[in-house]
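Residue strings, one per chain:
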Amino acid sequence: MGLLRERGYINVRHYPGGLTEWIEQEPTPADVPSTNVPPPRKQQAASASARFIEALADQSVGALFRLWLEIVLVCGVAYWAIEWIDESSLVTDRGGIGTSVNGFFSALYFSAVTATSVGYGDIVPAGAARVLAIAESVAGLVLFGCVVSKFVSRRQEALIGEIHHIAFEERLGRVRTNLLLVRAELQATARLCEGHEMAPPEALARVESAAMVFVGELHSVHDLLYRPQQAPEEAALEAILAGLASVFREFNELLRCIRRDADPPALEVSLSTMARLAREICGECVPKEYAPALRAWMDQIQKAATELAA
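Residues numbered from 1 in each chain as written. Predicted model: local features only at pLDDT ≥ 70, side-chain atom pairs only at ≥ 80, totals over all residues. Heavy atoms only, no water.

## Overview of the overall build of the protein chain
Okay, step 1: The number of helices and strands found in the protein chain is 10 helices and 3 strands.
Okay, step 2: Ordered by position from N to C terminus, the α and β elements of the protein chain give α-α-α-α-β-β-α-β-α-α-α-α-α.
Okay, step 3: Buried residues in the protein chain amount to 33% of all 310 residues.
Okay, step 4: About 19300 Å² of surface is accessible on the protein chain, with carbon and sulfur atoms providing 59% of the total. (Helix = DSSP H or I, 4+ residues; strand = E, 2+ residues; numbered from the N terminus. Buried < 20%, exposed > 50% of the residue type's maximum accessible area, 1.4 Å probe, protein only. Areas by Shrake-Rupley, 256 points an atom, 1.4 Å probe, with all protein chains shown as cover.)

This is the structure:
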(Lines give C-alpha, C1' and ligand atoms only; values in the text may rest on other atoms or scores of the structure.)
Protein backbone atom coordinates (compact mmCIF):
# COMPACT_ATOMS: atom_id res chain seq x y z
CA MET A 1 0.00 0.00 0.00
CA GLY A 2 2.91 2.32 0.66
CA LEU A 3 4.14 1.86 -2.91
CA LEU A 4 0.67 2.71 -4.24
CA ARG A 5 0.60 5.92 -2.25
CA GLU A 6 4.07 6.81 -3.54
CA ARG A 7 2.68 6.54 -7.07
CA GLY A 8 -0.18 8.91 -6.22
CA TYR A 9 -2.98 6.39 -5.66
CA ILE A 10 -4.96 7.11 -2.51
CA ASN A 11 -7.23 4.09 -2.81
CA VAL A 12 -6.50 0.66 -4.29
CA ARG A 13 -9.66 0.91 -6.40
CA HIS A 14 -8.13 3.93 -8.19
CA TYR A 15 -5.40 1.70 -9.63
CA PRO A 16 -6.63 0.56 -13.10
CA GLY A 17 -5.53 -3.05 -12.83
CA GLY A 18 -6.65 -3.52 -9.28
CA LEU A 19 -4.75 -5.24 -6.51
CA THR A 20 -4.44 -8.48 -8.49
CA GLU A 21 -2.52 -6.83 -11.34
CA TRP A 22 -0.40 -4.93 -8.83
CA ILE A 23 0.65 -8.21 -7.16
CA GLU A 24 1.41 -9.80 -10.54
CA GLN A 25 3.59 -6.87 -11.61
CA GLU A 26 5.36 -6.54 -8.28
CA PRO A 27 8.94 -7.80 -8.61
CA THR A 28 9.69 -11.11 -6.91
CA PRO A 29 12.51 -11.47 -4.39
CA ALA A 30 14.49 -13.38 -7.05
CA ASP A 31 14.34 -10.32 -9.35
CA VAL A 32 15.55 -7.91 -6.68
CA PRO A 33 19.33 -7.86 -6.44
CA SER A 34 20.54 -8.83 -3.01
CA THR A 35 22.60 -6.30 -1.12
CA ASN A 36 23.63 -8.70 1.64
CA VAL A 37 26.05 -10.76 -0.45
CA PRO A 38 29.58 -9.97 0.70
CA PRO A 39 32.17 -9.06 -1.89
CA PRO A 40 34.18 -11.95 -3.31
CA ARG A 41 37.39 -10.74 -1.66
CA LYS A 42 35.79 -10.76 1.77
CA GLN A 43 34.48 -14.25 1.14
CA GLN A 44 37.92 -15.46 0.10
CA ALA A 45 39.54 -13.87 3.13
CA ALA A 46 36.96 -15.40 5.45
CA SER A 47 37.37 -18.85 3.91
CA ALA A 48 41.15 -18.60 4.07
CA SER A 49 41.09 -17.62 7.74
CA ALA A 50 38.62 -20.43 8.48
CA ARG A 51 40.88 -22.96 6.76
CA PHE A 52 43.85 -21.62 8.72
CA ILE A 53 42.03 -22.00 12.06
CA GLU A 54 40.87 -25.50 11.12
CA ALA A 55 44.43 -26.47 10.18
CA LEU A 56 45.67 -25.28 13.58
CA ALA A 57 42.86 -27.06 15.37
CA ASP A 58 43.80 -30.35 13.69
CA GLN A 59 47.35 -30.17 15.06
CA SER A 60 48.38 -31.92 18.25
CA VAL A 61 49.60 -30.12 21.37
CA GLY A 62 53.16 -31.23 20.64
CA ALA A 63 52.98 -29.92 17.08
CA LEU A 64 51.63 -26.56 18.28
CA PHE A 65 54.42 -26.28 20.87
CA ARG A 66 57.04 -27.04 18.22
CA LEU A 67 55.51 -24.38 16.00
CA TRP A 68 55.66 -21.91 18.89
CA LEU A 69 59.36 -22.71 19.42
CA GLU A 70 60.02 -22.26 15.71
CA ILE A 71 58.32 -18.85 15.77
CA VAL A 72 60.41 -17.80 18.78
CA LEU A 73 63.63 -18.95 17.12
CA VAL A 74 62.87 -17.41 13.71
CA CYS A 75 61.77 -14.09 15.22
CA GLY A 76 64.79 -14.07 17.52
CA VAL A 77 67.09 -14.46 14.55
CA ALA A 78 65.12 -11.76 12.73
CA TYR A 79 65.50 -9.34 15.66
CA TRP A 80 69.23 -10.02 15.74
CA ALA A 81 69.47 -9.53 11.95
CA ILE A 82 67.61 -6.23 12.21
CA GLU A 83 70.11 -5.20 14.86
CA TRP A 84 72.87 -5.55 12.25
CA ILE A 85 71.00 -3.08 10.05
CA ASP A 86 69.76 -0.75 12.77
CA GLU A 87 71.70 -0.88 16.02
CA SER A 88 68.80 0.65 17.94
CA SER A 89 66.09 -1.84 16.94
CA LEU A 90 66.07 -3.46 20.40
CA VAL A 91 66.90 -0.99 23.15
CA THR A 92 67.73 -1.56 26.81
CA ASP A 93 68.49 0.94 29.55
CA ARG A 94 72.13 0.73 28.45
CA GLY A 95 71.46 1.14 24.74
CA GLY A 96 71.11 -1.40 21.93
CA ILE A 97 71.61 -5.12 22.53
CA GLY A 98 74.41 -5.22 19.95
CA THR A 99 75.36 -7.82 17.38
CA SER A 100 77.49 -10.04 19.59
CA VAL A 101 76.62 -13.49 20.91
CA ASN A 102 75.13 -11.88 24.01
CA GLY A 103 73.02 -9.73 21.70
CA PHE A 104 71.76 -12.86 19.94
CA PHE A 105 70.67 -14.41 23.22
CA SER A 106 69.05 -11.11 24.21
CA ALA A 107 67.11 -11.20 20.93
CA LEU A 108 65.96 -14.77 21.66
CA TYR A 109 64.95 -13.70 25.17
CA PHE A 110 62.93 -10.79 23.82
CA SER A 111 61.34 -13.07 21.23
CA ALA A 112 60.28 -15.55 23.94
CA VAL A 113 58.72 -12.94 26.23
CA THR A 114 56.98 -11.36 23.24
CA ALA A 115 55.51 -14.70 22.09
CA THR A 116 54.16 -15.30 25.59
CA SER A 117 52.85 -11.70 25.82
CA VAL A 118 54.74 -11.21 29.09
CA GLY A 119 56.61 -8.06 28.10
CA TYR A 120 58.87 -7.29 31.08
CA GLY A 121 59.92 -3.99 29.53
CA ASP A 122 63.65 -4.46 30.03
CA ILE A 123 64.05 -4.64 26.22
CA VAL A 124 61.94 -2.34 24.04
CA PRO A 125 61.54 -2.67 20.24
CA ALA A 126 62.00 0.31 17.98
CA GLY A 127 61.55 0.94 14.28
CA ALA A 128 60.87 -2.12 12.11
CA ALA A 129 61.22 -4.42 15.12
CA ARG A 130 57.91 -3.09 16.44
CA VAL A 131 55.99 -4.53 13.48
CA LEU A 132 57.68 -7.90 13.92
CA ALA A 133 56.97 -7.82 17.68
CA ILE A 134 53.26 -7.17 17.08
CA ALA A 135 53.03 -10.01 14.55
CA GLU A 136 54.89 -12.39 16.89
CA SER A 137 52.67 -11.53 19.87
CA VAL A 138 49.53 -12.13 17.79
CA ALA A 139 50.87 -15.48 16.56
CA GLY A 140 51.80 -16.44 20.12
CA LEU A 141 48.35 -15.59 21.41
CA VAL A 142 46.69 -17.63 18.64
CA LEU A 143 48.87 -20.66 19.35
CA PHE A 144 48.38 -20.31 23.10
CA GLY A 145 44.62 -20.21 22.58
CA CYS A 146 44.79 -23.33 20.43
CA VAL A 147 46.78 -25.18 23.09
CA VAL A 148 44.29 -24.18 25.81
CA SER A 149 41.37 -25.27 23.64
CA LYS A 150 43.11 -28.60 23.06
CA PHE A 151 43.38 -29.24 26.79
CA VAL A 152 39.76 -28.19 27.35
CA SER A 153 38.47 -30.30 24.46
CA ARG A 154 40.48 -33.29 25.67
CA ARG A 155 38.85 -33.00 29.08
CA GLN A 156 35.44 -32.62 27.47
CA GLU A 157 36.03 -35.71 25.33
CA ALA A 158 36.98 -37.67 28.43
CA LEU A 159 33.82 -36.53 30.23
CA ILE A 160 31.64 -37.30 27.21
CA GLY A 161 33.24 -40.73 26.97
CA GLU A 162 32.45 -41.41 30.62
CA ILE A 163 28.87 -40.25 30.12
CA HIS A 164 28.47 -42.50 27.06
CA HIS A 165 29.91 -45.44 28.98
CA ILE A 166 27.53 -44.89 31.91
CA ALA A 167 24.56 -44.50 29.54
CA PHE A 168 25.61 -47.65 27.68
CA GLU A 169 25.85 -49.66 30.90
CA GLU A 170 22.45 -48.36 31.97
CA ARG A 171 21.01 -49.36 28.61
CA LEU A 172 22.37 -52.89 28.98
CA GLY A 173 20.95 -53.03 32.49
CA ARG A 174 17.52 -51.94 31.25
CA VAL A 175 17.58 -54.62 28.55
CA ARG A 176 18.39 -57.35 31.08
CA THR A 177 15.74 -56.07 33.50
CA ASN A 178 13.05 -55.85 30.82
CA LEU A 179 13.83 -59.35 29.60
CA LEU A 180 13.34 -60.66 33.13
CA LEU A 181 10.06 -58.77 33.41
CA VAL A 182 8.82 -60.14 30.08
CA ARG A 183 9.73 -63.66 31.12
CA ALA A 184 7.90 -63.27 34.43
CA GLU A 185 4.87 -61.85 32.60
CA LEU A 186 4.80 -64.79 30.20
CA GLN A 187 5.03 -67.28 33.05
CA ALA A 188 2.15 -65.54 34.86
CA THR A 189 0.11 -65.59 31.64
CA ALA A 190 0.81 -69.28 31.19
CA ARG A 191 -0.68 -69.93 34.62
CA LEU A 192 -3.84 -68.11 33.51
CA CYS A 193 -4.15 -70.46 30.55
CA GLU A 194 -3.92 -73.62 32.65
CA GLY A 195 -7.17 -75.56 32.59
CA HIS A 196 -8.65 -73.55 29.69
CA GLU A 197 -9.17 -74.85 26.21
CA MET A 198 -9.11 -71.29 24.92
CA ALA A 199 -7.02 -68.48 26.29
CA PRO A 200 -9.03 -66.00 28.40
CA PRO A 201 -9.15 -62.36 27.23
CA GLU A 202 -6.92 -61.28 30.10
CA ALA A 203 -4.23 -63.70 28.94
CA LEU A 204 -4.39 -62.39 25.37
CA ALA A 205 -4.02 -58.80 26.55
CA ARG A 206 -1.01 -59.66 28.71
CA VAL A 207 0.65 -61.57 25.87
CA GLU A 208 0.16 -58.63 23.50
CA SER A 209 1.72 -56.24 26.02
CA ALA A 210 4.65 -58.55 26.72
CA ALA A 211 5.23 -59.09 23.00
CA MET A 212 5.43 -55.36 22.29
CA VAL A 213 7.92 -54.85 25.11
CA PHE A 214 9.97 -57.81 23.93
CA VAL A 215 10.06 -56.46 20.36
CA GLY A 216 11.55 -53.20 21.65
CA GLU A 217 14.28 -55.04 23.57
CA LEU A 218 14.91 -57.27 20.57
CA HIS A 219 15.48 -54.15 18.47
CA SER A 220 18.03 -52.95 21.04
CA VAL A 221 19.91 -56.26 20.95
CA HIS A 222 19.80 -56.29 17.15
CA ASP A 223 21.33 -52.81 17.02
CA LEU A 224 23.89 -53.88 19.62
CA LEU A 225 25.06 -56.70 17.34
CA TYR A 226 24.85 -54.94 13.98
CA ARG A 227 25.51 -51.26 14.82
CA PRO A 228 27.46 -51.32 18.08
CA GLN A 229 28.33 -47.87 19.42
CA GLN A 230 30.43 -49.57 22.08
CA ALA A 231 31.46 -53.18 22.50
CA PRO A 232 29.89 -54.68 25.63
CA GLU A 233 31.72 -57.11 27.84
CA GLU A 234 31.39 -60.75 26.87
CA ALA A 235 29.69 -61.70 30.15
CA ALA A 236 27.08 -58.95 29.81
CA LEU A 237 26.33 -59.88 26.22
CA GLU A 238 26.07 -63.55 27.10
CA ALA A 239 23.55 -62.76 29.84
CA ILE A 240 21.43 -60.77 27.39
CA LEU A 241 21.53 -63.49 24.73
CA ALA A 242 20.63 -66.13 27.31
CA GLY A 243 17.70 -63.97 28.38
CA LEU A 244 16.54 -63.66 24.78
CA ALA A 245 16.68 -67.42 24.26
CA SER A 246 14.75 -68.00 27.50
CA VAL A 247 12.01 -65.54 26.54
CA PHE A 248 11.67 -67.15 23.10
CA ARG A 249 11.22 -70.54 24.76
CA GLU A 250 8.53 -69.09 27.04
CA PHE A 251 6.76 -67.60 24.02
CA ASN A 252 6.80 -70.89 22.15
CA GLU A 253 5.34 -72.70 25.16
CA LEU A 254 2.67 -70.08 25.72
CA LEU A 255 1.60 -69.82 22.10
CA ARG A 256 0.57 -73.45 22.13
CA CYS A 257 -2.33 -72.29 24.31
CA ILE A 258 -2.87 -68.87 22.76
CA ARG A 259 -2.90 -70.06 19.16
CA ARG A 260 -5.78 -72.39 19.66
CA ASP A 261 -7.83 -69.32 18.83
CA ALA A 262 -7.12 -66.79 16.08
CA ASP A 263 -4.21 -64.54 16.98
CA PRO A 264 -5.10 -60.87 17.51
CA PRO A 265 -3.74 -58.58 14.77
CA ALA A 266 -1.43 -56.72 17.16
CA LEU A 267 0.05 -59.99 18.39
CA GLU A 268 0.54 -61.23 14.83
CA VAL A 269 2.51 -58.09 13.94
CA SER A 270 4.69 -58.44 17.05
CA LEU A 271 5.34 -62.12 16.39
CA SER A 272 6.26 -61.40 12.78
CA THR A 273 8.71 -58.69 13.87
CA MET A 274 10.19 -60.96 16.53
CA ALA A 275 10.76 -63.75 14.01
CA ARG A 276 12.30 -61.39 11.45
CA LEU A 277 14.77 -59.85 13.89
CA ALA A 278 15.70 -63.14 15.52
CA ARG A 279 16.42 -64.77 12.16
CA GLU A 280 19.23 -62.22 11.74
CA ILE A 281 20.81 -63.19 15.08
CA CYS A 282 23.06 -66.15 14.51
CA GLY A 283 26.74 -66.99 14.73
CA GLU A 284 27.22 -66.66 10.96
CA CYS A 285 24.90 -63.67 10.44
CA VAL A 286 26.28 -60.93 12.64
CA PRO A 287 29.18 -58.95 11.10
CA LYS A 288 31.49 -59.22 14.13
CA GLU A 289 33.24 -62.40 15.19
CA TYR A 290 32.18 -63.46 18.68
CA ALA A 291 33.28 -66.18 21.10
CA PRO A 292 31.94 -69.73 20.50
CA ALA A 293 29.68 -69.55 23.58
CA LEU A 294 28.05 -66.36 22.32
CA ARG A 295 27.61 -67.81 18.85
CA ALA A 296 25.91 -70.85 20.38
CA TRP A 297 23.39 -68.61 22.14
CA MET A 298 22.76 -66.75 18.87
CA ASP A 299 22.06 -70.02 17.08
CA GLN A 300 19.59 -70.98 19.80
CA ILE A 301 17.79 -67.66 19.33
CA GLN A 302 17.53 -68.21 15.59
CA LYS A 303 16.22 -71.75 16.11
CA ALA A 304 13.59 -70.47 18.57
CA ALA A 305 12.55 -67.83 16.03
CA THR A 306 12.08 -70.55 13.42
CA GLU A 307 9.80 -72.45 15.79
CA LEU A 308 7.92 -69.23 16.57
CA ALA A 309 7.18 -68.59 12.89
CA ALA A 310 6.09 -72.18 12.27
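## Remarks on the state of the cysteines
Okay, step 1: The tally for this structure, following the rule as stated, stands at 1 disulfide.
Okay, step 2: Two residues, Cys282 and Cys285, share a disulfide whose sulfurs are 1.8 Å apart. For the disulfide bridge between Cys282 and Cys285, the dihedral angle about the S-S bond is near 90 degrees, and by the sign convention the bridge is right-handed.
Okay, step 3: Note on Cys282: relative accessible area 5%, which makes it buried.
Okay, step 4: By relative accessible area, Cys285 is classed as partly exposed at 30%. (Disulfide = S-S within 2.5 Å.)

## Observations concerning the packing of helix H4 (residues 61-85) against helix H5 (residues 101-115)
Okay, step 1: Close contact between H4 and H5 brings their axes to 8 Å; oriented N to C, the two are set at 135 degrees. As judged from the angle between their axes, H4 and H5 are oblique. For the pair H4 and H5, the sense of crossing is right-handed. Of the residues in H5, those touching H4 at Trp68, Ile71, Val72, Leu73, Cys75, Gly76, Val77, Tyr79 and Trp80 are Gly103, Phe104, Ala107, Leu108, Phe110, Ser111, Ala112, Thr114 and Ala115.
Okay, step 2: When grouped by side-chain class, the residues that make up the contact of H4 with H5 number 14 nonpolar, 4 polar and no charged. (Axes fitted to C-alpha atoms, helices over the stretch in contact; angles between N-to-C directions. Parallel < 35°, antiparallel > 145°, perpendicular 65-115°, else oblique. Left-handed = near helix turned anticlockwise from the far one by under 90°. Contact = heavy atoms within 4.5 Å. Nonpolar A, V, L, I, M, F, W, Y, C, P; charged D, E, K, R; others polar.)

## Examining the sheet that holds strand E3 (residues 124-125)
Okay, step 1: Taken together, 3 strands build an open sheet; the order of strands is E2-E1-E3 and the sheet is antiparallel. The two strands at the open ends of the sheet, each matched to only one other strand, are strand E2 (95-96) and E3.
Okay, step 2: Here strand E1 (residues 90-92) runs beside E3; their pairing, made up of 2 bridges, is antiparallel. When the sheet's bridge partners are listed, Val91 is paired in E3 with Val124. (Pairing = 2+ DSSP bridges.)

## Re the packing of H5 against helix H6 (residues 128-193)
Okay, step 1: Packing of H5 against H6 brings their axes to within 8 Å, and their N-to-C directions diverge by 50 degrees. In terms of axis orientation, H5 runs oblique to H6. In this structure, H5 uses Phe110, Ser111, Thr114 and Ala115 to contact H6, whose residues at the interface are Ala133, Glu136, Ser137, Gly140 and Leu141.
Okay, step 2: Taken together, the residues that form the contact of H5 with H6 break down as 4 nonpolar, 4 polar and 1 charged.

## Considering the side chain of Thr114
Okay, step 1: Relative to the helices and strands, Thr114 is located in helix H5.
Okay, step 2: Of the residues examined, Thr114 reaches a relative accessible area of 10% and is grouped as buried.
Okay, step 3: Those residues in contact with Thr114, other than ones at most four positions away along the chain, are Tyr79, Ala133, Glu136 and Ser137.

## Brief notes about a nonpolar patch on the surface
Okay, step 1: Together, Phe52, Ile53, Ile134, Val138 and Val142 make up an exposed nonpolar region whose accessible area comes to about 450 Å².
Okay, step 2: At the level of secondary structure, the elements contributing two or more residues to the nonpolar patch comprise helix H3 (40-57) and H6.
Okay, step 3: For the nonpolar patch, the element with the most residues is H6, which contributes 3 residues.
Okay, step 4: One can find Val142 in helix H6.
Okay, step 5: When its relative accessible area of 32% is taken as the criterion, Val142 is described as partly exposed. (Patch = residues over 30% accessible without salt bridge, like charges linked within 9 Å, V, L, I, M, F, W, Y side chains within 5 Å. Salt bridge = Lys/Arg side-chain N within 4 Å of Asp/Glu carboxyl O.)

Functional significance is not addressed by these values, which are geometric in nature.
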